[in-house]
Amino acid sequence: MEDRVLVCQDCNEEFVFTAGEQEFYKEKGFDNEPKRCKECRDKKKMSRRGPR
C-alpha cells in the first residue's frame, strides 16, 4: 500500500492517508476512507462532547 492524498470535506485541505493508517482501517474492517483531516476530526469530536 502507498500513502494517498485525500481532501478534507470540512476545510478542503489536502491530507495524507498513510499506508499504516490504511492497514489499520483494513484491520478494523472499515470500508470507507477518512473524510476529514486530523484537525477537523479532533474539532468534531470536541464539539460532540460539549463544554465541560
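S.K.: What's the story with the overall build of the protein chain in this structure? I'm lost.
M.R.: When its secondary structure is counted, the protein chain shows two helices and two strands. Helices (α) and strands (β) of the protein chain occur, in sequence order from the N terminus, as β-β-α-α. The globule rule puts the C-alpha radius of gyration for 52 residues at 10 Å, and the 12 Å found for the protein chain is more than 25% above it. With respect to the three principal axes, the spread of C-alpha positions in the protein chain is 40 × 25 × 15 Å. Looking at the 52 residues of the protein chain, the share that counts as buried comes to 21%. Long-range contacts, defined as pairs at least 24 residues apart, comprise 29% of the intrachain contacts of the protein chain with a sequence gap of at least 6. As displayed, the protein chain has an accessible area near 4500 Å², and 47% of this comes from carbon and sulfur atoms.

S.K.: How should the nonpolar core be read in this particular structure?
M.R.: In globular proteins that are soluble, nonpolar side chains generally tend to be buried together. If you look at the biggest cluster of nonpolar residues, it comprises seven residues: Leu6, Cys8, Phe15, Phe17, Tyr25, Cys37 and Cys40. Residue contacts for Cys37: discarding those within four places in its chain leaves Cys8, Cys11 and Phe15.

S.K.: What is the right way to read helix α1 (residues 19–28) from this model?
M.R.: A turn of α-helix holds 3.6 residues, and therefore any two residues three or four places apart point the same way. Residues of α1 that are buried: Ala19, Gln22 and Tyr25. For α1, the angular spread of buried residues about the axis comes to 120°, placing them on one side. In the core, the buried residues of α1 are packed alongside β1 (4–7) and β2 (14–17). Note on α1: the residue one or two positions beyond its end, Gly29, has a positive phi of about 85°.

S.K.: It is not clear to me how a positive patch on the surface should be interpreted in this structure. Could you clarify?
M.R.: On the surface, Lys44, Lys45, Arg48 and Arg49 cluster together to form a positively charged patch. Looking at the element boundaries, Arg48 is found in helix α2 (residues 38–49).

S.K.: Just checking my understanding: could you explain the side chain of Gln22 for this structure?
M.R.: One can find Gln22 in helix α1. If we skip the residues at most four places from it in the chain, Gln22 touches Met1, Glu2, Asp3, Arg4 and Phe17.

About the cut-offs
- Residues numbered from 1 in each chain as written.
- Predicted model: local features only at pLDDT ≥ 70, side-chain atom pairs only at ≥ 80, totals over all residues.
- Heavy atoms only, no water.
- Helix = DSSP H or I, 4+ residues; strand = E, 2+ residues; numbered from the N terminus.
- Rg over C-alpha atoms; globule rule 2.2 N^0.38 Å.
- Buried < 20%, exposed > 50% of the residue type's maximum accessible area, 1.4 Å probe, protein only.
- Contact = heavy atoms within 4.5 Å.
- Areas by Shrake-Rupley, 256 points an atom, 1.4 Å probe, with all protein chains shown as cover.
- Core = buried A, V, L, I, M, F, W, Y, C linked by side-chain atoms within 4.5 Å.
- Arc of directions from axis to C-beta.
- Patch = residues over 30% accessible without salt bridge, like charges linked within 9 Å, V, L, I, M, F, W, Y side chains within 5 Å.
- Salt bridge = Lys/Arg side-chain N within 4 Å of Asp/Glu carboxyl O.
- Lys, Arg positive; Asp, Glu negative; His and termini not counted.
- Charge placed at Lys NZ, Arg CZ, Asp CG, Glu CD.

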